[in-house]
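Tertiary structure, described
Here is how the chains run, residue by residue.
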Amino acid sequence: RMQLWRSGVGRGTRGLSARITATAVRRRSLVSIPRNVGTASTSSPWKMSAGAGAAAAAVAGGLIVADAAACAPAGKEGASDAAADTATAEQLHADLQGHTRQHVLDFLEGAAVRHPTDTGILWRLGRACVKRADELQADPAAKLALLEKGVAVLERARGSPGGDTCWKTAMYSGIVLNAQSECLGTKAQLEASPACKVHWVRAAELSTAELGRPDPTVLNLIGRWCFTFADMGWVTRRVAAAVFAVVPTSSYDEALGYFKRAEDSEPGFYLNNRMNVGKCYLRKGDKAGAKEWLGKALAMEQVDAEAVKDHAEAAELLKSC
């Protein structure tokens, strides 16, 4: 079964909240993102307008949250209330010691009623949907319903003021869509995969405009997309041939390029990324390169459930080196 993204845990959300409380903005060389993404023209969910607005700052309880109001329209009545809600949402998201995922979701659902066109509220609600959905493994129907809600919320976010230039809206649009399609089986994931890539390529473009270079999490997501199609087995490829007139293609070299660029942007930012660098080298027959990068992955801390899984996979792959 295809799995571009483990939707519930991992650096795609944990790392974002860690960076939200930091004031440093990365500045490095631009990464050229390919534009040959299949349906990215008339069927694209994005208006390809230029650039992304700079992140705003909000103050909540004396804590400056570096992008608590990111992607929210400025100068609107009630904007300060929305900024306070986004700051609270980030605090809840980053610190689950006294809160649950359901608590975060409930708070953001209320905030979305108060601020129904605020992009910053809406993409965070989409994120909360996918995080809470991952806890509903024992109830597939409830999980799917929540992910479908997340897809709809992020569609609203893209249509809200400033939504078409918000890279986090783009990133989570792809993540939630992929998680939803994963619930529906391989065929559904294949059908959704071009749109997922459109979202992530758009997120790379927009984060470059805002941060000075693509966000490394977004590059990791595109790398996973490329690896999935490069590593597709015969049975899945037969299913893909029935879905697409022309099956999307990629290569281990293309996937490796994205993973390495992500690592260059922020060395050691994500155990999964280093594990995937090693996996690409192994698929290419470069055992020395694979051994180096899998070793780097194994040296990293296992900070969450996804990291534990990736650590175990890296250890298994290392046996082949």
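Residues numbered from 1 in each chain as written. Predicted model: local features only at pLDDT ≥ 70, side-chain atom pairs only at ≥ 80, totals over all residues. Heavy atoms only, no water.

1. Quick word on the overall build of the chain
When its secondary structure is counted, the chain shows 13 helices and two strands. The long-range share in the chain, meaning contacts at least 24 apart out of those at least 6 apart in sequence, stands at 71%. When the accessible surface of the chain is summed, it comes to about 13,600 Å², and 53% of that surface belongs to carbon and sulfur atoms. (Helix = DSSP H or I, 4+ residues; strand = E, 2+ residues; numbered from the N terminus. Contact = heavy atoms within 4.5 Å. Areas by Shrake-Rupley, 256 points an atom, 1.4 Å probe, with all protein chains shown as cover.)

2. Overview of the packing of helix H3 (residues 101-114) against helix H4 (residues 119-133)
H4 packs onto H3 with a crossing angle of 150° between their chain directions and a minimal axis gap of 9 Å. Between H3 and H4, the angle is such that the two are roughly antiparallel. Our pair here, H3 against H4, has a crossing hand that is left-handed. Here Arg101, Gln102, Val104, Leu105, Leu108, Glu109, Ala111 and Ala112 of H3 lie close against H4, whose contacting residues are Ile121, Leu122, Arg124, Leu125, Ala128, Cys129, Lys131 and Arg132. (Axes fitted to C-alpha atoms, helices over the stretch in contact; angles between N-to-C directions. Parallel < 35°, antiparallel > 145°, perpendicular 65-115°, else oblique. Left-handed = near helix turned anticlockwise from the far one by under 90°.)

3. Notes on the nonpolar core
Within the largest apolar cluster, 72 residues are counted, with the highest numbers of intra-cluster contacts made by Leu108, Leu125, Met171, Ile175, Trp200, Val218 and Ile222. Here the element with the most residues in this core is helix H7 (residues 186-211); it accounts for nine residues. (Core = buried A, V, L, I, M, F, W, Y, C linked by side-chain atoms within 4.5 Å. Buried < 20%, exposed > 50% of the residue type's maximum accessible area, 1.4 Å probe, protein only.)

4. Some points on the pattern of salt bridges
If you walk through the whole model with that rule in mind, you get 14 salt bridges. Its salt-bridge partner being Lys187, residue Glu191 comes within 2.6 Å of it at the nearest N-O pair. Residue Glu191 and its partner Lys187 are both found in helix H7; the two are separated by four residues, about one turn of the helix. Here Glu191 falls in the partly exposed class, since its relative accessible area comes to 43%. Residues Glu306 and Arg224 are paired through a salt bridge, measuring 3.4 Å at the closest nitrogen-oxygen approach. Of this pair, Glu306 sits in helix H13 (residues 305-318) while Arg224 sits in helix H8 (residues 216-230), and the two are 82 residues apart along the sequence. Taking the relative accessible area as the measure of exposure, Arg224 reaches 8% and is therefore buried. (Salt bridge = Lys/Arg side-chain N within 4 Å of Asp/Glu carboxyl O.)

5. As for the packing of aromatic side chains
Working definition: an aromatic ring pair is given by the centre-to-centre distance plus the angle between the planes. By the definition in use, this model includes four aromatic pairs. Measuring from ring centre to ring centre gives 5.6 Å for Trp123 and Tyr172, while their planes differ by 10°; the resulting arrangement is stacked. Of the two residues, Trp123 sits in helix H4 while Tyr172 sits in helix H6 (residues 167-183), which places them 49 residues apart along the sequence. Like Tyr172, Trp123 is buried. Summarising the aromatic geometry, the rings of Phe269 and Tyr270 are spaced 5.7 Å apart at their centres and angled 55° between planes, so their arrangement reads as tilted. With relative accessibility at 7%, the residue Phe269 sits in the buried group. A relative accessible area of 4% means that Tyr270 is categorised as buried. (Phe/Tyr/Trp six-rings, centres within 6.5 Å; stacked < 30°, edge-to-face > 60°.)

6. Concerning H7
Here H7 is 26 residues long and its end C-alpha atoms lie 35 Å apart, about the 38 Å a rise of 1.5 Å per residue gives. The largest bend in H7 comes to about 40°, at Ser193, with the proline Pro194 one to four residues further on. Judged by how many residues are buried, H7 sits mostly within the fold: 21 of 26 residues are covered. Once H7 finishes, Gly212 follows within two positions and takes phi at roughly 95°, a positive value. (Expected span 1.5 Å × (residues − 1). Bend = angle between axes of the 7 residues up to and from the residue.)

7. Observations concerning the packing of helix H11 (residues 271-283) against H13
Relative to each other, H11 and H13 sit at 25°, their axes nearing to 9 Å. The pairing of H11 with H13 is recorded here as roughly parallel in orientation. Handedness of the crossing formed by H11 with H13: left-handed. From H11, Leu271, Asn272, Met275, Lys279 and Leu282 reach across to H13, where they touch Glu306, Ala307, Asp310, His311, Glu313, Ala314 and Leu317.

8. Considerations on the environment of Glu109
Mapped onto the fold, Glu109 is located in helix H3. It is 9.9 Å that separates the C-alpha atoms of Glu109 and Gly126, two residues lying 17 residues apart in sequence. Residues contacting Glu109, with those up to four places away along its chain left out, are Leu125 and Lys149.

9. Overview of the environment of Thr117
Take Thr117: it is sitting in the loop between H3 and H4. With 45 residues separating them in the primary sequence, Thr117 and Gly162 have C-alpha atoms 9.7 Å apart. The residues contacting Thr117, other than those within four sequence positions of it, are Leu122, Ser160 and Pro161.

10. Some thoughts on the confidence of the model for the chain
With 75% of its residues at a pLDDT of at least 70, the chain reaches an overall mean of 80. Under a pLDDT of 50 for its full length, residues 5-70 has, in the predicted model, 173 contacts with residues more than four places off or in other chains. (pLDDT = per-residue confidence, 0-100.)

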